[in-house]
Amino acid sequence: MFYECKGMGFAPYGDYWRQVRKMSAVELFSHQRVHSFQFVRDEEIELLINKIRSTCGKGESINLSKMLVFVSSNIVSRSILSHRSEAEDGCSKFGELVKRLMVLFTGFCVGDMFPYLRWVDVLTGYIPRGTDTSATATEWIMAELLKHPNAMKNVQQEVRNVVVGNKSKVDQDDIAKMEYLKCVVKETLRLHPPVVFVPRKTSAKIPNGGKTEKSSPERFENSSIDFQGQDFHYIPFDFGRRGCPGMSFGVASVEYVMASLLYWVDWKLPAGEIFENVDMTKLYGLTVCKKTHLHALAIPHSSF
Ligand code: HEM
C-alpha cells in the first residue's frame, strides 16, 4: 500500500520526495487549487445535510464519527481522483481495507508507545476510521462543542448571525467573518492534534498553567497565534520541510463542514447522556481520534 514508500508522507527526504512535494504544492495544495475545489465541498455538504435531515426526523441519534469520515474522504478523493471513495453506507470494501491496513501498519511501527491501540481491535477490524485528519479534527470539534454547551451556543449564534438572507449554502466570504469558529477550530487542534507520531509533554511552566487542559476557545481571541508554523509552541500541522502541505486544504474542509453543520442543524447529546460524561478517550493510530464513536441528536434548523 505504501508502494515502497513512494507516498509523500513516508518517502525519505531526497530527490523523489522533493519532486512529489513540489508537484502536489502546485496541483493540489496551492491557494488557487484549494479554492477551485469549493464546488466539491458544496456538493458533498449538500448530500451530508440531506442525509442528516432524512435520519433525524425519526428521533434517532446520528453516528457523527461515521458521517464525518464519509464526507471528508469523499472531499479528498473527489479533489484528487475525481471520484468518490466511499459507498453510501460510508464503508466501501476498499476504503475499509485501506483503513484497517493503515491502522495495522501504525500499530506495528509504534504500538509499544501507544497503549490505547488495542491489538484485538486492530486485528478484528473493529476500528473503522483513524486515517483521515480532517474528519478526526471535525469529530473532536463536535465532541468539544457538545461537551461545552456555552461554546456551542456562542459559535452557533455567530454562524447564524453571519449567514444572513435566504442562502442555500454557507459561502467562503461568510466563513472569513466567523472569528469565534476559527478560535474553536484552533482550540480543538491544540487539545486534540490529530497527528502526533511522537507524543510530547511540556517541560516548562506555561503562562496560564493549570488551565491548559480546559477547553477555552477564548484564549485565541485577539491573539495572533496561528498554526502557520511561526509560533513554535502551537504546531498542529508541524512546520519546516516535512510540515503538512495539506494545511489550507484541511482547514478549508474543517471550517466549511463545521459552519454548515452549525448553520443547518441544532445538536444535542442523545437522551440520557450528559455533557460532563462525553467520552474523550483518545485512540492512537495514524491519527489520534476519539476512541468511541460520537453520537448526537440532530434537529433541523432551517431548510435549503
Ligand atoms: C486538520 C487537518 C490536518 C492536520 C492536523 C494535519 C497534520 C499533519 C502533520 C502534523 C504532519 C506532519 C507529520 C510529521 O511530522 O511527520 C502532516 C503531514 C502531511 N499531511 Fe497533513 N494534516 C491535515 C490535513 C491534511 C490533508 C487534508 C492532506 C491531504 C489532502 C494532508 C497531507 C499531508 C501529507 C502528504 C503529509 C506528509 C508531508 C511530507 O512528509 O512531506 N494533510 N500533516
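Higher on the page you've got the structure.
In this text the structure is predicted, and so the values were computed from the model without any measurement.

Thresholds, definitions, all that
Residues numbered from 1 in each chain as written. Predicted model: local features only at pLDDT ≥ 70, side-chain atom pairs only at ≥ 80, totals over all residues. Heavy atoms only, no water. Near = heavy atom within 4 Å. Polar contact = N/O pair within 3.5 Å; in protein donor to acceptor, adjacent residues only side chain to side chain. Helix = DSSP H or I, 4+ residues; strand = E, 2+ residues; numbered from the N terminus. Nonpolar A, V, L, I, M, F, W, Y, C, P; charged D, E, K, R; others polar. Buried < 20%, exposed > 50% of the residue type's maximum accessible area, 1.4 Å probe, protein only. Contact = heavy atoms within 4.5 Å. Donors = N, O, S within 2.8 Å, 3.2 Å for Na, K, Ca; no water. Pairing = 2+ DSSP bridges. Axes fitted to C-alpha atoms, helices over the stretch in contact; angles between N-to-C directions. Phe/Tyr/Trp six-rings, centres within 6.5 Å; stacked < 30°, edge-to-face > 60°. Lys NZ or Arg CZ within 6 Å of the ring centre and 35° of its normal.

Attention shifts here to the site of the ligand. As a structural note, the neighbourhood of the ligand is formed by 19 residues, with Trp17, Arg21, Asp238, Arg242 and Cys244 the closest of them. At 2.4 Å, a side-chain N or O of aspartate 238 approaches an oxygen atom of the ligand. Within the side chain of arginine 242, a nitrogen or oxygen atom sits 2.8 Å from an oxygen atom of the ligand. Among the secondary structure elements, those contributing two or more residues to the shell around the ligand are α1 (15-27), α7 (133-147) and α11 (247-264). At three residues, α7 tops the list of elements feeding residues into the shell around the ligand. Residues that form the shell around the ligand fall into these classes: eleven nonpolar, five polar and three charged.

Another point: the environment of methionine 142. Within the secondary structure, methionine 142 sits in helix α7. Residue classification places methionine 142 among the buried residues on the basis of a relative accessible area of 0%. In this structure methionine 142 touches Leu64, Met258, Leu261, Trp267 and Leu294, once residues within four positions along its chain are discounted.

With respect to protein ligation, the iron atom of the ligand binds only Cys244 (SG), at 2.3 Å. For cysteine 244, the position within the fold is in the loop between α10 (179-191) and α11.

It is worth spelling out the sheet that holds strand β1 (residues 62-63) at this point. The strand order across the open sheet built from three strands is β1-β5-β2, with neighbouring strands paired in antiparallel fashion. Every other strand in the sheet has two partners, leaving β1 and β2 (265-268) as the edge strands with one partner each. For β1 and strand β5 (residues 295-300), the ladder comprises two bridges, and the chain directions are antiparallel. Across the sheet, asparagine 63 pairs through a bridge with histidine 295, a residue of β5. Lying on the sheet, α11 is in contact with β2 and β5; it crosses β2 at an angle near 90°.

In this structure, serine 82 takes a positive phi of about 65° despite not being glycine. Phi at aspartate 238 takes a positive value of approximately 60°, unusual for a residue other than glycine. Within the fold, aspartate 238 resides in the loop between α10 and α11.

The next point concerns the packing of aromatic side chains. All told, the structure shown has eight aromatic pairs when counted by the stated rule. Considering the side-chain rings of phenylalanine 29 and phenylalanine 249, the 6.4 Å spacing of their centres and the 85° angle between planes classify their relative orientation as edge-to-face. With phenylalanine 29 in the loop between α1 and α2 (31-36) and phenylalanine 249 in helix α11, this residue pair connects regions lying 220 residues apart in the sequence. Residue classification places phenylalanine 29 among the buried positions, given a relative accessible area of 18%. Looking at phenylalanine 249, the relative accessible area reads 6%, which means it is buried. By the ring-pair criterion, three or more aromatic residues cluster together here, those being Phe220, Phe227, Tyr234 and Phe237. Stacked on the ring of tryptophan 140, the Lys or Arg lysine 282 has its end atom at 5.1 Å from the ring centre.

By themselves, these are just geometric observations and shouldn't be taken as functional.
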